Amino acid sequence: MAYFKITVDTPFCGTNQEEYIECETIQEAESIAEELCRNNAEGYEYLVSGWDGENFEDMTEEEQTEELEEYYASCDWYVDEVSAEEYFENIS
């Protein structure tokens, strides 16, 4: 078993998250990181569109789609292998 720290973020300040996981391979950790990144990005999508879409009011549907595509392309994730000690210090 290996231990990993996953960090996900969006282009907006204060929207990053860290999670420590235990899994068999780095590929498994990366798959989990991709899912966490997508979930995190979806949770902060309102920062692009506005609470009720007010940021999109003067945009065409194509412009709105482009804005969201740029936003999602700017979201990222990182996976770092960590020691068992660091993992157990951070899971509680």
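A quick note: this is a predicted structure, and the numbers were derived from the prediction, not measured.

You can see Thr7 is positioned in strand 1 (residues 2-9). Judged by relative accessible area, Thr7 falls into the buried class, the value being 14%. Beyond its immediate sequence surroundings of up to four residues, Thr7 is in contact with Gln17, Glu18, Asp76, Trp77 and Tyr78.

Turning to helix 1 (residues 26-43), a few remarks are in order. The end-to-end C-alpha separation of helix 1 is 25 Å, in line with the 26 Å expected for 18 residues at 1.5 Å each. For helix 1, the full list of buried residues reads Ala29, Ala33, Cys37, Asn40 and Ala41. Axial view of helix 1: buried residues confined to an arc of 105°, hence all on one face. When the buried face of helix 1 is taken as reference, the exposed residues oriented beyond 90 degrees from it are Gln27 and Glu35. Residues of helix 1 that are buried sit in contact with strand 1, strand 2 (17-23), helix 3 (61-74) and strand 3 (76-82).

Overall, antiparallel pairing links the 3 strands, which are arranged 2-1-3 in an open sheet. Edge positions in the sheet fall to strand 2 and strand 3, since each has one partner strand and no second. The average undirected angle you get between the axes of adjacent strands in this sheet is 25°. Direction of pairing for strand 1 relative to strand 3: antiparallel, over a ladder of 7 bridges. Directly across from Val8, in strand 3, lies its bridge partner Trp77. Across the sheet, helix 1 lies against strand 1, strand 2 and strand 3, angled at about 25° from strand 1, the strand it touches most.

Right, let's talk about a negative patch on the surface for a bit. A cluster of like negative charges, contributed by Glu62, Glu63, Glu66, Glu67, Glu69 and Glu70, occupies part of the molecular surface. Inspection of the secondary structure assignment puts Glu67 in helix 3.

Our focus in this paragraph is the nonpolar core. Core analysis: the biggest nonpolar cluster contains 16 residues, and Phe4, Ile6, Ile21, Ala29, Tyr71 and Val79 have the highest contact counts within it. Among the secondary structure elements, those contributing two or more residues to this core are strand 1, strand 2, helix 1 and helix 3. When neighbours within four sequence positions are excluded, Val79 is seen to be in contact with Phe4, Lys5, Ile6, Ile26, Ala29, Glu30 and Ala33.

This brings us to the environment of Lys5. Among the secondary structure elements, Lys5 is positioned in strand 1. Looking at Lys5, the relative accessible area reads 18%, which means it is buried. Between the alpha carbons of Lys5 and Ser83 there is a distance of 9.7 Å; along the sequence they are 78 residues apart. Residues contacting Lys5, with those up to four places away along its chain left out, are Glu18, Glu19, Tyr20, Tyr78, Val79, Asp80, Val82 and Glu86. One polar contact links Lys5 to Glu18, side chain to side chain, over a distance of 3.4 Å.

Definitions and limits used
Residues numbered from 1 in each chain as written. Predicted model: local features only at pLDDT ≥ 70, side-chain atom pairs only at ≥ 80, totals over all residues. Heavy atoms only, no water. Helix = DSSP H or I, 4+ residues; strand = E, 2+ residues; numbered from the N terminus. Buried < 20%, exposed > 50% of the residue type's maximum accessible area, 1.4 Å probe, protein only. Contact = heavy atoms within 4.5 Å. Expected span 1.5 Å × (residues − 1). Arc of directions from axis to C-beta. Pairing = 2+ DSSP bridges. Axes fitted to C-alpha atoms, helices over the stretch in contact; angles between N-to-C directions. Patch = residues over 30% accessible without salt bridge, like charges linked within 9 Å, V, L, I, M, F, W, Y side chains within 5 Å. Areas by Shrake-Rupley, 256 points an atom, 1.4 Å probe, with all protein chains shown as cover. Salt bridge = Lys/Arg side-chain N within 4 Å of Asp/Glu carboxyl O. Lys, Arg positive; Asp, Glu negative; His and termini not counted. Charge placed at Lys NZ, Arg CZ, Asp CG, Glu CD. Core = buried A, V, L, I, M, F, W, Y, C linked by side-chain atoms within 4.5 Å. Polar contact = N/O pair within 3.5 Å; in protein donor to acceptor, adjacent residues only side chain to side chain.

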